[in-house]
Amino acid sequence: MTASDRPLTVPDLAVARAEGRRLAMLTAYGAGFARTCDANGVDLLLVGDSLGMVVQGHGSTLPVTVDDMVYHTACVARGIRRALLVSDLPFQADATPERALDAATRLLQAGAAMAKLEGAGPKLEVVRFLAEREIPVCSHLGLTPQSVLRMGGFKVQGREAAAAARLREDALAVAEAGAALIVLEGVPAALAAEITAASPVPTIGIGAGPHCDGQVLVLHDMLGLDSGHRRPRFVKDFLAEGGSVAGAVRAYVAAVRDGSFPAAEHSYL
Ligand code: KIV
(Lines give C-alpha, C1' and ligand atoms only; values in the text may rest on other atoms or scores of the structure.)
Protein backbone atom coordinates (compact mmCIF):
# COMPACT_ATOMS: atom_id res chain seq x y z
CA MET A 1 0.00 0.00 0.00
CA THR A 2 1.50 3.39 -0.97
CA ALA A 3 1.22 6.50 1.19
CA SER A 4 -1.48 7.86 -1.13
CA ASP A 5 -3.50 4.60 -0.86
CA ARG A 6 -3.58 4.17 2.87
CA PRO A 7 -6.56 5.44 4.87
CA LEU A 8 -6.27 9.11 5.81
CA THR A 9 -6.02 9.90 9.50
CA VAL A 10 -6.81 13.01 11.51
CA PRO A 11 -3.08 13.94 11.86
CA ASP A 12 -2.77 13.68 8.03
CA LEU A 13 -4.98 16.79 7.74
CA ALA A 14 -2.35 18.99 9.38
CA VAL A 15 0.37 17.35 7.27
CA ALA A 16 -1.56 18.10 4.06
CA ARG A 17 -1.86 21.73 5.10
CA ALA A 18 1.83 21.97 6.01
CA GLU A 19 2.73 20.52 2.61
CA GLY A 20 0.31 22.84 0.77
CA ARG A 21 -1.89 19.97 -0.51
CA ARG A 22 -5.50 21.12 -0.80
CA LEU A 23 -8.11 18.75 0.64
CA ALA A 24 -11.14 17.70 -1.44
CA MET A 25 -14.25 16.88 0.57
CA LEU A 26 -17.77 15.90 -0.54
CA THR A 27 -20.87 14.85 1.31
CA ALA A 28 -22.17 11.29 1.01
CA TYR A 29 -25.17 9.56 2.51
CA GLY A 30 -24.91 5.98 1.23
CA ALA A 31 -22.34 3.30 0.38
CA GLY A 32 -22.59 3.46 -3.43
CA PHE A 33 -21.79 7.14 -3.88
CA ALA A 34 -19.24 6.91 -1.06
CA ARG A 35 -17.42 4.14 -2.92
CA THR A 36 -17.30 6.22 -6.12
CA CYS A 37 -16.03 9.30 -4.27
CA ASP A 38 -13.44 7.28 -2.39
CA ALA A 39 -12.18 5.51 -5.52
CA ASN A 40 -11.83 8.81 -7.37
CA GLY A 41 -9.64 10.70 -4.96
CA VAL A 42 -11.90 12.44 -2.43
CA ASP A 43 -9.92 12.96 0.79
CA LEU A 44 -12.78 13.51 3.23
CA LEU A 45 -16.40 12.40 3.12
CA LEU A 46 -18.97 14.21 5.20
CA VAL A 47 -22.21 12.64 6.29
CA GLY A 48 -23.83 16.04 6.55
CA ASP A 49 -27.12 16.76 8.22
CA SER A 50 -27.83 18.30 4.80
CA LEU A 51 -29.30 14.83 4.31
CA GLY A 52 -32.42 16.32 5.88
CA MET A 53 -32.77 18.50 2.79
CA VAL A 54 -31.28 16.49 -0.09
CA VAL A 55 -32.31 12.97 0.99
CA GLN A 56 -35.32 13.41 3.27
CA GLY A 57 -36.79 16.42 1.43
CA HIS A 58 -37.18 18.77 4.39
CA GLY A 59 -36.77 22.55 4.10
CA SER A 60 -33.93 22.66 6.65
CA THR A 61 -31.57 20.40 8.59
CA LEU A 62 -33.49 20.79 11.85
CA PRO A 63 -35.60 17.58 11.65
CA VAL A 64 -32.53 15.30 11.36
CA THR A 65 -32.01 12.98 14.35
CA VAL A 66 -29.00 11.23 15.83
CA ASP A 67 -30.49 7.90 14.68
CA ASP A 68 -30.62 9.25 11.09
CA MET A 69 -26.99 10.31 11.30
CA VAL A 70 -25.84 6.98 12.75
CA TYR A 71 -27.69 5.03 10.03
CA HIS A 72 -26.20 7.07 7.15
CA THR A 73 -22.73 7.12 8.76
CA ALA A 74 -22.74 3.30 8.92
CA CYS A 75 -23.87 3.12 5.26
CA VAL A 76 -21.11 5.48 4.08
CA ALA A 77 -18.45 3.80 6.23
CA ARG A 78 -19.11 0.51 4.41
CA GLY A 79 -18.30 2.19 1.09
CA ILE A 80 -14.93 3.75 1.89
CA ARG A 81 -11.37 2.54 2.05
CA ARG A 82 -9.18 5.66 2.06
CA ALA A 83 -11.24 8.79 2.75
CA LEU A 84 -11.56 10.20 6.27
CA LEU A 85 -15.17 10.11 7.41
CA VAL A 86 -16.67 13.12 9.20
CA SER A 87 -20.20 13.04 10.53
CA ASP A 88 -22.49 15.83 11.73
CA LEU A 89 -23.97 16.19 15.19
CA PRO A 90 -27.55 17.11 14.25
CA PHE A 91 -29.65 19.93 15.71
CA GLN A 92 -29.45 20.03 19.54
CA ALA A 93 -27.43 16.80 19.79
CA ASP A 94 -24.65 19.15 20.98
CA ALA A 95 -26.82 21.20 23.34
CA THR A 96 -24.84 19.90 26.33
CA PRO A 97 -21.39 18.32 26.50
CA GLU A 98 -22.87 15.05 27.76
CA ARG A 99 -25.45 14.80 24.98
CA ALA A 100 -22.75 15.58 22.46
CA LEU A 101 -20.47 12.89 23.87
CA ASP A 102 -23.24 10.28 23.63
CA ALA A 103 -24.12 11.23 20.04
CA ALA A 104 -20.51 11.57 18.88
CA THR A 105 -19.61 8.20 20.42
CA ARG A 106 -22.41 6.61 18.39
CA LEU A 107 -21.13 8.32 15.21
CA LEU A 108 -17.57 7.10 15.80
CA GLN A 109 -18.83 3.59 16.59
CA ALA A 110 -20.72 3.68 13.26
CA GLY A 111 -17.45 4.44 11.44
CA ALA A 112 -16.84 8.20 11.56
CA ALA A 113 -13.38 9.50 12.47
CA MET A 114 -14.53 13.01 13.41
CA ALA A 115 -17.71 14.66 14.68
CA LYS A 116 -18.66 18.05 13.22
CA LEU A 117 -20.60 20.61 15.19
CA GLU A 118 -21.81 24.09 14.41
CA GLY A 119 -20.86 27.30 16.21
CA ALA A 120 -18.51 28.66 18.85
CA GLY A 121 -19.50 30.71 21.97
CA PRO A 122 -21.43 28.29 24.19
CA LYS A 123 -20.28 25.40 21.97
CA LEU A 124 -16.63 25.91 22.97
CA GLU A 125 -17.29 23.94 26.12
CA VAL A 126 -18.67 21.10 23.97
CA VAL A 127 -15.70 21.17 21.58
CA ARG A 128 -13.29 20.98 24.53
CA PHE A 129 -15.28 18.23 26.29
CA LEU A 130 -15.26 16.05 23.16
CA ALA A 131 -11.64 16.73 22.20
CA GLU A 132 -10.48 15.85 25.74
CA ARG A 133 -12.35 12.54 25.44
CA GLU A 134 -10.74 11.27 22.23
CA ILE A 135 -13.44 12.53 19.86
CA PRO A 136 -11.74 14.41 17.00
CA VAL A 137 -13.80 17.55 16.34
CA CYS A 138 -14.51 19.54 13.20
CA SER A 139 -16.07 22.94 13.92
CA HIS A 140 -18.44 24.59 11.42
CA LEU A 141 -18.50 28.42 11.43
CA GLY A 142 -20.04 31.21 9.37
CA LEU A 143 -23.35 30.25 7.77
CA THR A 144 -24.38 27.51 10.19
CA PRO A 145 -27.54 25.90 8.75
CA GLN A 146 -28.83 24.86 12.18
CA SER A 147 -29.15 28.62 12.94
CA VAL A 148 -31.53 29.17 10.00
CA LEU A 149 -34.41 30.37 12.18
CA ARG A 150 -32.31 32.94 14.05
CA MET A 151 -30.57 34.10 10.83
CA GLY A 152 -33.89 34.35 8.96
CA GLY A 153 -32.60 32.22 6.06
CA PHE A 154 -29.35 30.85 4.68
CA LYS A 155 -27.38 34.11 4.54
CA VAL A 156 -23.72 34.98 4.01
CA GLN A 157 -22.10 35.79 7.37
CA GLY A 158 -19.28 38.12 8.41
CA ARG A 159 -19.95 40.98 5.99
CA GLU A 160 -20.03 43.69 8.66
CA ALA A 161 -16.81 44.56 10.53
CA ALA A 162 -18.10 43.41 13.94
CA ALA A 163 -19.37 40.09 12.60
CA ALA A 164 -16.09 39.54 10.74
CA ALA A 165 -14.10 40.21 13.91
CA ARG A 166 -16.30 37.75 15.82
CA LEU A 167 -15.73 35.06 13.19
CA ARG A 168 -11.96 35.58 13.34
CA GLU A 169 -12.10 35.20 17.14
CA ASP A 170 -14.39 32.17 16.93
CA ALA A 171 -12.01 30.35 14.57
CA LEU A 172 -9.08 30.82 16.94
CA ALA A 173 -11.26 29.86 19.91
CA VAL A 174 -12.53 26.56 18.47
CA ALA A 175 -8.99 25.58 17.50
CA GLU A 176 -7.78 26.46 21.00
CA ALA A 177 -10.62 24.34 22.44
CA GLY A 178 -9.40 21.35 20.43
CA ALA A 179 -11.03 21.38 16.97
CA ALA A 180 -8.69 19.76 14.44
CA LEU A 181 -10.53 21.09 11.36
CA ILE A 182 -12.79 24.07 10.64
CA VAL A 183 -15.49 24.26 7.96
CA LEU A 184 -16.14 27.86 6.89
CA GLU A 185 -19.48 28.25 5.12
CA GLY A 186 -20.96 31.32 3.42
CA VAL A 187 -18.18 33.78 4.30
CA PRO A 188 -16.65 36.53 2.10
CA ALA A 189 -13.54 35.20 0.37
CA ALA A 190 -11.19 37.80 1.87
CA LEU A 191 -12.36 37.06 5.40
CA ALA A 192 -11.99 33.29 4.88
CA ALA A 193 -8.45 33.92 3.57
CA GLU A 194 -7.59 35.91 6.73
CA ILE A 195 -9.08 33.26 9.00
CA THR A 196 -7.19 30.51 7.16
CA ALA A 197 -3.90 32.38 7.43
CA ALA A 198 -4.38 32.88 11.18
CA SER A 199 -5.82 29.44 11.97
CA PRO A 200 -3.57 26.83 13.56
CA VAL A 201 -5.72 24.06 12.00
CA PRO A 202 -6.82 23.46 8.38
CA THR A 203 -9.94 25.15 7.03
CA ILE A 204 -12.38 23.71 4.50
CA GLY A 205 -14.50 26.21 2.60
CA ILE A 206 -17.97 26.09 1.11
CA GLY A 207 -18.97 29.44 -0.32
CA ALA A 208 -15.84 30.83 1.35
CA GLY A 209 -13.59 31.55 -1.63
CA PRO A 210 -10.45 29.86 -2.96
CA HIS A 211 -8.01 30.47 -0.09
CA CYS A 212 -9.11 27.78 2.36
CA ASP A 213 -7.01 24.65 2.86
CA GLY A 214 -9.71 22.55 1.18
CA GLN A 215 -13.23 22.67 -0.20
CA VAL A 216 -16.47 20.82 0.38
CA LEU A 217 -19.68 20.62 -1.67
CA VAL A 218 -22.93 18.76 -1.19
CA LEU A 219 -22.77 15.78 -3.57
CA HIS A 220 -26.23 16.42 -5.03
CA ASP A 221 -25.26 20.02 -5.82
CA MET A 222 -22.04 19.13 -7.64
CA LEU A 223 -23.95 16.53 -9.66
CA GLY A 224 -26.44 19.21 -10.73
CA LEU A 225 -29.43 17.53 -9.08
CA ASP A 226 -32.44 19.68 -8.30
CA SER A 227 -32.43 19.92 -4.51
CA GLY A 228 -35.77 21.72 -4.50
CA HIS A 229 -33.98 24.82 -3.16
CA ARG A 230 -32.42 27.88 -4.78
CA ARG A 231 -28.97 26.95 -6.10
CA PRO A 232 -26.35 28.90 -4.15
CA ARG A 233 -23.68 30.90 -6.01
CA PHE A 234 -20.86 28.65 -4.77
CA VAL A 235 -22.23 25.51 -6.45
CA LYS A 236 -20.74 24.20 -9.68
CA ASP A 237 -22.22 21.33 -11.71
CA PHE A 238 -19.24 19.03 -12.27
CA LEU A 239 -21.34 16.34 -13.97
CA ALA A 240 -21.69 18.64 -16.98
CA GLU A 241 -17.92 18.58 -17.54
CA GLY A 242 -17.14 15.15 -16.03
CA GLY A 243 -19.65 13.20 -18.13
CA SER A 244 -20.31 10.56 -15.45
CA VAL A 245 -20.53 10.48 -11.67
CA ALA A 246 -16.97 9.16 -11.39
CA GLY A 247 -15.82 11.76 -13.96
CA ALA A 248 -17.56 14.55 -12.03
CA VAL A 249 -15.84 13.49 -8.81
CA ARG A 250 -12.44 13.36 -10.56
CA ALA A 251 -13.04 16.81 -12.11
CA TYR A 252 -14.00 18.22 -8.71
CA VAL A 253 -10.97 16.73 -6.95
CA ALA A 254 -8.63 18.01 -9.68
CA ALA A 255 -10.17 21.51 -9.57
CA VAL A 256 -9.88 21.69 -5.77
CA ARG A 257 -6.29 20.45 -5.84
CA ASP A 258 -5.14 22.87 -8.56
CA GLY A 259 -7.07 25.80 -7.03
CA SER A 260 -9.30 26.41 -10.07
CA PHE A 261 -12.42 25.75 -7.96
CA PRO A 262 -13.90 27.83 -6.50
CA ALA A 263 -13.44 30.64 -9.03
CA ALA A 264 -14.44 34.26 -8.40
CA GLU A 265 -17.94 33.53 -9.75
CA HIS A 266 -18.45 30.96 -6.92
CA SER A 267 -17.23 33.31 -4.17
CA TYR A 268 -18.76 36.12 -2.12
CA LEU A 269 -17.20 39.59 -1.79
O1 KIV B 1 -24.51 19.21 6.27
C2 KIV B 1 -23.68 19.47 5.39
O3 KIV B 1 -23.70 18.94 4.27
C4 KIV B 1 -22.65 20.45 5.71
C5 KIV B 1 -21.82 20.98 4.57
C6 KIV B 1 -22.64 21.89 3.75
C7 KIV B 1 -20.57 21.62 5.03
O8 KIV B 1 -22.50 20.83 6.82
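For the structure itself, consult the block above.
Parameters at a glance
Residues numbered from 1 in each chain as written. Predicted model: local features only at pLDDT ≥ 70, side-chain atom pairs only at ≥ 80, totals over all residues. Heavy atoms only, no water. Helix = DSSP H or I, 4+ residues; strand = E, 2+ residues; numbered from the N terminus. Rg over C-alpha atoms; globule rule 2.2 N^0.38 Å. Buried < 20%, exposed > 50% of the residue type's maximum accessible area, 1.4 Å probe, protein only. Contact = heavy atoms within 4.5 Å. Areas by Shrake-Rupley, 256 points an atom, 1.4 Å probe, with all protein chains shown as cover. Axes fitted to C-alpha atoms, helices over the stretch in contact; angles between N-to-C directions. Parallel < 35°, antiparallel > 145°, perpendicular 65-115°, else oblique. Left-handed = near helix turned anticlockwise from the far one by under 90°. Pairing = 2+ DSSP bridges. Arc of directions from axis to C-beta. Core = buried A, V, L, I, M, F, W, Y, C linked by side-chain atoms within 4.5 Å. Near = heavy atom within 4 Å. Polar contact = N/O pair within 3.5 Å; in protein donor to acceptor, adjacent residues only side chain to side chain. Nonpolar A, V, L, I, M, F, W, Y, C, P; charged D, E, K, R; others polar.

Scanning the chain from terminus to terminus reveals twelve helices and eight strands. For 269 residues, the compact-globule estimate of 2.2 N^0.38 gives 18 Å, and the chain sits close to it at 17 Å. Dimensions of the chain, computed from C-alpha atoms along their principal axes, come out at roughly 45 × 40 × 40 Å. Counting every position in the chain, which comprises 269 residues, the buried fraction comes to 55%. Nonlocal contacts in the chain, meaning residues at least 24 apart in sequence, comprise 63% of its contacts between residues at least 6 apart. Of the roughly 11200 Å² of accessible surface on the chain, 55% is carried by carbon and sulfur atoms.

The contact between helix α5 (residues 97–109) and helix α6 (residues 124–131) brings their axes to 9 Å, and the two run at 45°. Relative to α6, the element α5 lies oblique. As α5 packs across α6, the resulting crossing turns out to be right-handed. Contacts from Pro 97, Glu 98, Ala 100, Leu 101 and Ala 104 of α5 reach α6 at Glu 125, Val 126, Phe 129 and Leu 130.

The subject of this paragraph is the sheet that holds strand β1 (residues 23–27). With respect to topology, eight strands assemble into a closed barrel ordered β1-β2-β3-β4-β5-β6-β7-β8, the strand pairing being parallel. Neighbour-to-neighbour, the strand axes of the sheet open up by a mean angle of 25°, direction not taken into account. With four bridges joining them, strand β4 (residues 114–118) and strand β5 (residues 137–142) adopt parallel strand pairing. Looking at β5, one finds that Ala 115 is bridged to Val 137. Each of β4 and β5 is contacted by α6, which is oriented at about 165° to β5, the strand it contacts most. Across the face of the sheet, helix α8 (residues 161–177) comes into contact with β5 and β6 (181–185) while running at roughly 175° to β5.

Turning to helix α2 (residues 31–39), a few remarks are in order. Those residues of α2 that sit buried are Ala 34, Cys 37 and Asp 38. Projection of α2 onto a plane perpendicular to its axis shows the buried side chains occupying an angular sector of 95°, all on one side. In this structure, the buried side of α2 is in contact with β1, β2 (44–47), α4 (66–77), α10 (219–222) and α12 (245–257). Phi turns positive one or two residues past the end of α2, at Gly 41, with a value near 100°.

Leu 26, Leu 45, Leu 89 and Tyr 252 are the most contacted members of the largest nonpolar core, which totals 86 residues. Filtering out sequence-adjacent residues up to four positions away, Leu 89 remains in contact with Asp 49, Asp 94, Ala 100, Ala 103, Ala 104, Leu 107, Ala 115, Lys 116, Leu 117, Leu 130 and Gln 146.

Around the ligand lies a shell formed by Thr 27, Leu 46, Gly 48, Asp 49, Ser 50, Asp 88, Lys 116, His 140, Glu 185, Ile 206 and Val 218. The side chain of Asp 49 places a nitrogen or oxygen atom 3.1 Å from an oxygen atom of the ligand. Ser 50 is positioned with one of its side-chain polar atoms (N or O) 2.5 Å from an oxygen atom of the ligand. For the shell around the ligand, the per-class residue count stands at three nonpolar, four polar and four charged.

Okay, unusual backbone geometry next. Geometrically, the link from Phe 261 to Pro 262 is a cis peptide bond, its omega value of 0° lying close to zero. Here Pro 262 lies in the segment after α12. In the Ramachandran plot, Gln 92 falls in the positive-phi region, its phi being about 70° despite a non-glycine side chain. Take Gln 92: it is sitting in the loop between β3 (84–88) and α5. The residue Glu 134 is not glycine, and still its phi comes out positive at about 70°. Looking at the secondary structure, you find Glu 134 in the loop between α6 and β5. For Glu 134, a relative accessible area of 68% gives the class exposed.

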